[in-house]
Structures are given as C-alpha cells and as structure tokens.
Amino acid sequence: MCEVTVEERENSEVDAAESGVMLVVHHSRVRPPFSVVLATVLYLAEFITAAVLCSSYHKTQDSIWMGFTITFMLVPALLIQLTLTFIHRDLGRDRPLVLFLHLLLLGPLIRCFEALVVYFKAGKKEEPYVTISRKINLKKNLETPMEWEIGQSERNLATHRNAFKRTAVIQAFLGSTPQLTLQLYATIQEKYVLPIRLALMIITLISITYGALVCSVLAIQIRYDDYKVRLRLRAYLCMIVWRVLEIATRVTALVLFSTALTHWVILVGLLNMLFFFFLPWAEFWAKKGSLTENIEKNFSKLGTVIVLSMFTLLYACINIFCWSAVQLDLSHRELIDRKQRWDRLAIYYAARFVENFLLITLWYFYKSDFYEYVCAPLLAVQLLVCYSLAVLFMLLFYQFCHPCRRLFKHNVHDCLRCVCCHGGGRGERRRQGPLPPSYSTAATMVLAPDEPLQPLNPEPLPDAHSQLGEQETAIVDDITEAV
C-alpha cells in the first residue's frame, strides 16, 4: 500500500482543524475474506450432503424424496453460477478454466481461491490507491469523518465479498429453505431420522440464518450509507437468536400444517408468494415510475423486466419465511428503499403471528394418529412462545444492539408507552401537555415517515457532509466487514 507523506498528513490535519472537523486520513487495512470462505463452505457442505442423501434415497427407492432433493440442490447452484459470472463479467474475458469450473458447479470454490490469493498477496508490494472511501464514524455522539485510501487488492476483495453476499442469500432462500422444509416433512412422514438427513437439516438452518443476517446488515448499511457501521458481538448474537427462532418456528408451522392438510399448504405458499411478488410491482405502478436503467446498459427493456422479476422472486421467497429487512423500490436506481418502514415491520410480524397461530390451530384439529405420542397442546404453545421470543429478541436488538441507535429520536420504550397510554391516558396527557422528547440511545420503533437522522447530543455537531464535499467515490464498501 502506498505511503502518505508527512507533509500531506500535516496539511490534512491543518485543514481539518481550521474547518472544525477532525479528518482522519489513513490507509485501509485489508481484512481477511471470512464471509467468502463461510459462504463457500456452506455451499459445498450443503451440496455434498444433499448428494449423499440422494444416493441414500436411490438405494431405498424413494424416488419422490430424491427428485425434490435434487431439484432444491441444483436450482440454487445454477443460479449461483450465473450470478458469479454476471458480477465478475467473465463472459467477455478469456478465462476458459473459470468458465469450465462454473459448468461443473464449482464456481464458488475457484472464486474463494482467487479471493484468498488476493488477500495473501496484499501488502507484499507497494501499490497505488485507486480511490478514496469516506465514511462518518459515530462514537459517543460525535461524528468524525474518516477517509481511507483504497488499493486495488482491497477493491478486488470488496467485489468478491459483495458477490458472495448475493450468493449466500440465493443459496439460503431459494435452496436451503425449501430443502429444510422438505427434509423435515420427510422425517415426520417416515417416522424416523436418518443421520445424513439430520446433518443436511442442520446445515440448511445455518445457511438460512446466515442469509437472514446478511439481509439485516445490508439493510443497516443501505440506510446509513454515510456512516461507518460496525456491529459488536452481542449484536450478532442477538440477531442469530432472533433469526433462528423466527425461521425454525415458521418452517415447523408450515411442515406440521402440511402433514395434516397436505394440499392446502400449497395454497398457503402460493398466496404468500404472489402477495410479496406483486407488492413491489403494485407500488411501482402506483408511483407511475420508470424502469431503472442502471442494472445493465446492454439490457433491453425485456431483459430489465426479467432481471427485476428474478430479484422480486428472491424478495418474495425471503418474506415467506422471515422478514427481509429491506424494501424494494423498482423505480430507484439501487432497487432498495432507504426509508425505515417501521409500520411494515409491525404489520408483518403481527400478520405472521396470526398466520402461524391459524396454521398450528388447524394442524391441532386435523392432526394424524402419529401425534398421539406427542403432547400436541404443549408443542403448539412452544411454537407460539418461540415466535414471540423471536420478536422479543428483535426488539432487544433495536433497543440495545443497533449500531446506529444514537441517531434515533425515540426508542422501543417510548413506542410501547405511547401504545399503552393511547386509550386510558389520553385525557391525562392533554392536561399534562406533550411528552418531552426521549434522549435514549436506543433505536426508534416510532411509526413515523422520513424522520430526520439527528444525533442525540444537544450540542450542535459539525456538518460532516459539507466538510467532505460533494465528491463521491467509486468503491463499493463491504456490506459486512465482521461477518
């Protein structure tokens, strides 16, 4: 990495001191590509385990289970190869070995090897920086603009990380979720647990949880794009518990319902799929927006519609099993709505709780004789309690573990107090006047549109954006550096 001269650093510090803003200029440290390795390991582990399970199904002549297992194994694998090829633009480059490995469904393996080679070669020789990344570090209610010189090695690693984040979401919700649902259903129907099937269910649950974590962190990064977001260990632990309980409860409710009313579960799945698939398109047509032209310049309007439809299909698959944490805006060039929609979050979890309750209730009344050896009421209560705990851990995350909670004006406690006092305390609040603003450092859950982001420090903070200027950078920063 190139060195910054003492004179340049002194000039930067003098300019920052004169402007009243502490500007930290230093070289970015190349971080290990842990997310790339983790996504590759999950892909290979699930693919190999599913292949071994298919061999076991073939020996026992379970052709139906084998056919569905192969489908849920190959479809996401093919989509991952296409995604990696599209992101790295290999079709226009002379790389026959890489393309051949993609045809063998080993694209993630060669991409992971390339990322590791780039990482271990980084820093061994001096290289000029290709761009500058500017972020605002939020610490103790102070906004400190920071600047990093990004070299070619780190830029290549950022491309690999972002590509594998996309493949992790595809693998999780187009492959792992239907695979987990299928294997759990097969286990209940056959009334015994195969060790290899149990291993596949554990791997798929880990893959789904990781994909949901990627979605959650991506939503934070998109909304607070100007800030340097770093999640602590307790935040990851809280999100893991939240996502595991939410996904496991949802999958179990669907599987139990399918064992009692097999054909009706298809209707439930289709209604969920169609609703979340057409919701972004309905909003797009209501806004009378135009199709974004930033997906790919070489695409025709038909190609753009196909890509957006695939993107919307992935969004619908995510929301069938868990909260996607991001909202689509097909008219925006980034395809993501930057607004924090707390009202949609509340409606989603309330509706999903009611739906799970109805599915479990119908299963309880139409269950088969197999569940006579199981305490059905206790199992139903446990599922509802687990989903309630998932919502509780979600609230705890926004209350205590959100990395940008200092930027919010109200917290979960304020929202709950407003809800509880809405009926009985309305006259008393009128006599007492409006409630004072909350200066808690927790995240907001107030259902307010477009609330301005303001630090809770009563002292005026320097305007970091005016100090940094209008210059934008070309680097795509890490979605999650610590994942």
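This text follows the structure it describes.
The notes below deal with the structure included here. All chains use their own residue numbering, which begins from 1 and follows the written sequence. Local features are withheld for residues below a pLDDT of 70 in this predicted model, meaning they are given only at 70 or higher, and side-chain atom pairs are given and counted only at 80 or more; totals for whole chains, interfaces and linings count all residues. To get the side-chain values, all heavy atoms of the structure are used, and hydrogens and water are removed first.

Considerations on the overall build of the chain
(1) Moving on: A tally of regular secondary structure across the chain gives 15 helices and five strands.
(2) Moving on: The classification of residues rests on relative accessible area computed with a 1.4 Å probe and restricted to protein chains. Under 20% of the type maximum is buried, over 50% is exposed, and intermediate values are partly exposed. Put simply, the chain has 483 residues, and 47% of those count as buried.
(3) Moving on: The contact definition used throughout considers only heavy atoms, calling two residues in contact when any of these lie within 4.5 Å. Residue pairs at least 24 apart in sequence account for 78% of intrachain contacts in the chain once pairs closer than 6 positions are excluded.
(4) Moving on: Shrake-Rupley sampling with a 1.4 Å probe provides the accessible areas, and residues are treated as covered by the protein chains on show and by no other component. Surface summary for the chain: the accessible area is close to 25600 Å², and the carbon and sulfur share equals 64%. For the purposes of this entry, the term helix denotes a DSSP run of H or I that reaches at least four residues, the term strand denotes a run of E that reaches at least two, and both are numbered from the N terminus.

Describing the layout of surface pockets
(1) Moving on: Cavity means a closed set of points on a 1 Å grid over the protein atoms alone, one where a 1.4 Å probe fits but cannot get out, pocket means an open set with protein on both sides within 12 Å along at least 5 of 7 lines, and lining means a residue has an atom within 4 Å of a point. Grid points are joined across faces, edges and corners, and a volume is the space filled by probe spheres set on the points. Its volume calculated, the second largest pocket comes out at about 940 Å³.
(2) Moving on: Phe72, Pro178, Thr181, Val265 and Phe321 are the residues nearest the centre of the second largest pocket, which is lined by 30 residues in total.
(3) Moving on: Looking at the lining of the second largest pocket, the elements with two or more residues in it are helix H3 (63-88), helix H6 (152-190), helix H8 (233-260), helix H9 (262-287) and helix H10 (301-321).
(4) Moving on: Of the residues in the lining of the second largest pocket, the class split is 22 nonpolar, seven polar and one charged. Polar here means any residue outside two lists: the nonpolar Ala, Val, Leu, Ile, Met, Phe, Trp, Tyr, Cys and Pro, and the charged Asp, Glu, Lys and Arg; Gly therefore counts as polar.

Looking at the environment of Pro280
(1) Moving on: In this structure, Pro280 sits in helix H9.
(2) Moving on: For Pro280, a relative accessible area of 4% gives the class buried.
(3) Moving on: Look past the residues within four positions of Pro280 in its chain and what remains in contact with it is Thr312, Tyr315, Leu328 and Leu330.

Side note on helix H12 (residues 376-401)
Because the α-helix completes a turn every 3.6 residues, residues three or four places apart line up on one side.
(1) Moving on: For H12, which comprises 26 residues, the first-to-last C-alpha distance of 36 Å matches the rise-based estimate of 38 Å (1.5 Å per residue) to within 8%.
(2) Moving on: If you check which residues of H12 are buried, you get Ala376, Ala380, Leu383, Leu384, Tyr387, Ala390, Met394, Phe397, Tyr398, Gln399 and Cys401. In this scheme, a helix's expected span is set at 1.5 Å multiplied by one less than its residue total.

Quick look at the packing of aromatic side chains
(1) Moving on: Think of it this way: a Phe, Tyr or Trp ring, Trp meaning its six-membered ring, pairs with another when their centres are within 6.5 Å, and the plane angle makes it stacked under 30 degrees, edge-to-face over 60, tilted otherwise. Tallying each qualifying case throughout the model produces 17 aromatic pairs.
(2) Moving on: With centroids separated by 5.2 Å and ring planes inclined at 65°, the aromatic side chains of Tyr119 and Phe120 adopt a geometry described as edge-to-face.
(3) Moving on: Since its relative accessible area comes to 54%, Phe120 is described here as exposed.
(4) Moving on: Judged by centre distance (5.3 Å) and plane angle (70°), the rings of Phe397 and Tyr398 are edge-to-face. Tyr398 shares its class with Phe397; the two are buried.
(5) Moving on: One aromatic cluster is present, built from ring pairs that chain together Phe275, Phe276, Trp323, Tyr348, Tyr349, Phe353 and Tyr387.
(6) Moving on: Positioned over the ring face of Tyr192 is Arg197, at 5.9 Å from the centre of the ring. Look at NZ for Lys and CZ for Arg. If either is within 6 Å of the ring centre and within 35 degrees of the ring normal, a charge sits over the ring.

Section: the nonpolar core
(1) Moving on: One finds Val169, Phe173, Leu314, Ile318 and Ile360 to be the most contacted residues of the largest nonpolar core, which totals 65 residues.
(2) Moving on: Counting residues per element, this core draws most heavily on H6, which supplies 14 residues.
(3) Moving on: Apart from the residues lying within four places of it in its own chain, the contact partners of Ile360 are Ala253, Ala380, Leu383 and Leu384. For this analysis, a nonpolar core means a set of buried residues of the types Ala, Val, Leu, Ile, Met, Phe, Trp, Tyr and Cys, connected via side-chain atoms within 4.5 Å.

Topic: the packing of helix H7 (residues 195-223) against H8
(1) Moving on: The angle between two axes is taken between their N-to-C directions and runs from 0 to 180 degrees, where each axis is a line fitted to C-alpha atoms and a helix contributes only its stretch in contact. Where H7 meets H8, the closest approach of the two axes is 9 Å, and the angle between their N-to-C directions is 125°. Our classification of the angle between H7 and H8 gives oblique. Here H7 runs over H8; the crossing is right-handed. For the pair formed by H7 and H8, the contact residues are Leu205, Ile208, Thr209, Ala212, Leu213, Ser216 and Val217 on the first element and Tyr236, Met239, Ile240, Trp242, Arg243, Val244 and Ile247 on the second.
(2) Moving on: Counted by class, the contact of H7 with H8 contains 11 nonpolar, two polar and one charged residues. Should an angle fall under 35 degrees it is taken as roughly parallel, and over 145 as roughly antiparallel, whereas 65 to 115 is taken as roughly perpendicular and any remaining angle as oblique. In this scheme, a crossing is called left-handed if the near helix is turned counterclockwise away from the far one by less than a right angle; it is called right-handed if the turn is clockwise.

Examining the pattern of salt bridges
(1) Moving on: Here, a salt bridge means any Lys or Arg side-chain nitrogen found within 4 Å of an Asp or Glu carboxyl oxygen. Applying the stated criterion across every chain, the model contains eight salt bridges.
(2) Moving on: For Glu190, the salt bridge identified is with Arg197, shortest N-O distance 2.9 Å.
(3) Moving on: Using a relative accessible area of 0% as the deciding quantity, one classes Arg197 as buried.
(4) Moving on: With a shortest N-O distance of 1.8 Å, Arg344 and Glu283 are connected by a salt bridge. Separated by 61 residues along the polypeptide, Arg344 in helix H11 (residues 342-366) and Glu283 in helix H9 bring together distant segments of the chain.

Honestly, that's just the spatial picture; any functional story needs more than this.
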